[in-house]
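Examining the three-dimensional arrangement
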Amino acid sequence: VTIPYKREVMQYLDEISDLAREAGAVNTIVNKNGRLAGYNTDCGGMKMLIDRMGIDLKGKKAFIAGSGGTSLTAAAVCRSLGAGEVVRASRSGRNGALTYEEAYKASSDAALLINTTPAGMYPDVDSIPFDIDRFDSPEGVLDVIYNPLATRLVQGARERGIRAGNGLYMLVGQAVLACGL
């Protein structure tokens, strides 16, 4: 299941794993003898990506662009990794997110910046979801987009000397986890 249906699909399932319920999003559905069970393997994939980048979130702030199911997944993972605070931002400020202007003020000291929006994804490759320069000194930038492999956000972070990664490793990690269900 992909954007924008990761939350909406939950109402149609017979079972939802605890992790998917906590994240508020389902990305994998398994038919178990006619009963549909929902899981969130994106959480494991996101954790693998953050670990691979070597970012320690304990007591630090994470900024997440987006208010959809993947943003909820990212927030759950950041909390599970000990983030001191998680700030979600969206253009509208809906679904528990702040507006970007509010979020810039509340999270300029964020250690990890995560894009969970489609901004920058093919064919809209020129879009950038947020302004990296509005943050003091982030340790890492993650973009869940993997097409293109280096979005303008990822390129911009690397040009500034900030560790940056795309969503391909997360995609592969969640797929491996999904195969085990």
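Here the structure is shown first, and the text comes after it.
A brief report on the enclosed structure follows.

The rules behind these values
Residues numbered from 1 in each chain as written. Predicted model: local features only at pLDDT ≥ 70, side-chain atom pairs only at ≥ 80, totals over all residues. Heavy atoms only, no water. Salt bridge = Lys/Arg side-chain N within 4 Å of Asp/Glu carboxyl O. Helix = DSSP H or I, 4+ residues; strand = E, 2+ residues; numbered from the N terminus. Buried < 20%, exposed > 50% of the residue type's maximum accessible area, 1.4 Å probe, protein only. Polar contact = N/O pair within 3.5 Å; in protein donor to acceptor, adjacent residues only side chain to side chain. Contact = heavy atoms within 4.5 Å. Axes fitted to C-alpha atoms, helices over the stretch in contact; angles between N-to-C directions. Parallel < 35°, antiparallel > 145°, perpendicular 65-115°, else oblique. Left-handed = near helix turned anticlockwise from the far one by under 90°. Core = buried A, V, L, I, M, F, W, Y, C linked by side-chain atoms within 4.5 Å. Pairing = 2+ DSSP bridges. Expected span 1.5 Å × (residues − 1).

**Focus: the pattern of salt bridges**
For the structure shown, the criterion picks out ten salt bridges. For Asp-42, the salt bridge identified is with Lys-6, shortest N-O distance 2.5 Å. In this pair, Asp-42 sits in helix 2 (residues 42–53) while Lys-6 sits in the segment before strand 1 (15–16), placing the two residues 36 residues apart along the sequence. Residue classification places Lys-6 among the buried residues on the basis of a relative accessible area of 8%. Each of Lys-60, Glu-139 and Arg-163 takes part in a single network of salt bridges with overlapping partners.

**Remarks on the side chain of Thr-28**
Its location among the elements puts Thr-28 in strand 2 (residues 28–32). Within the local environment of Thr-28, its side chain forms a polar contact with the side chain of Thr-41, the two groups lying 3.3 Å apart. Not counting residues up to four positions away in its chain, the partners in contact with Thr-28 are Ala-37, Gly-38, Tyr-39, Thr-41, Gln-174, Ala-178 and Leu-181.

**With respect to the packing of helix 2 against helix 3 (residues 69–80)**
Relative orientation and spacing of two packed helices are given, respectively, by the angle between their axes and the distance between those axes. The geometry of helix 2 relative to helix 3 is characterised by a closest axis approach of 9 Å and an angle of 55° between their N-to-C directions. Relative to helix 3, helix 2 is oriented oblique. The element helix 2 and its partner helix 3 pack so that their crossing is right-handed. Touching Asp-42, Cys-43, Met-46, Lys-47 and Ile-50 of helix 2 are Thr-73, Ala-74 and Val-77, all from helix 3.

**Points about the nonpolar core**
Met-46, Ile-50, Leu-57, Cys-78, Leu-112, Ile-114 and Leu-142 are the most contacted members of the largest nonpolar core, which has 22 residues in total. For this core, the elements supplying multiple residues, two or more each, are helix 2, strand 4 (61–65), helix 3 and strand 7 (112–115). Aside from chain neighbours lying at most four places away, what touches Cys-78 is Leu-57, Ala-62, Ala-83, Val-86, Leu-112 and Ile-114. The next biggest cluster of nonpolar side chains, apart from the first, holds 18 residues, and it includes Ala-89, Ala-110, Val-141 and Ala-164.

**Some details on the sheet that holds strand 9 (residues 163–165)**
An order of 6-5-4-7-8-9 is seen for the six strands of this open sheet, with the pairing classed as parallel. At either end of the open sheet lies a strand with only one pairing partner, and these are strand 6 (98–99) and strand 9. Inspection of the sheet shows strand 7 paired to strand 8 (residues 140–143) by four bridges, in the parallel sense. The residue of strand 8 that forms the bridge with Asn-115 is Asp-143. In the packing of helix 2 onto the sheet, the strands contacted are strand 7, strand 8 and strand 9, and the crossing angle to strand 8 comes to about 150°.

**Quick look at the sheet that holds strand 3 (residues 35–39)**
With mixed pairing, three strands are arranged side by side in an open sheet as 1-3-2. Unpaired on one side and paired on the other, strand 1 and strand 2 mark the two borders of the sheet. Sheet topology places strand 2 next to strand 3; five bridges connect them, and they run antiparallel. Note on strand 3: the bridge partner recorded for Val-30 is Ala-37.

**What about helix 3?**
One full turn of an α-helix is made of 3.6 residues, so residues set three or four places apart face in the same direction. Here helix 3 contains twelve residues, and its C-alpha end-to-end distance of 17 Å stays within 8% of the 16 Å for a straight helix at 1.5 Å per residue. With nine of its twelve residues buried, helix 3 lies for the most part within the structure. Turning to helix 3, its buried residues are Gly-69, Thr-70, Ser-71, Thr-73, Ala-74, Ala-75, Ala-76, Val-77 and Cys-78. In the core, the buried residues of helix 3 are packed alongside helix 1 (18–23), helix 2, strand 4, strand 5 (85–90), strand 7 and helix 6 (168–179). Of the residues flanking the end of helix 3, it is Gly-82, one or two places downstream, whose phi is positive at about 90°.

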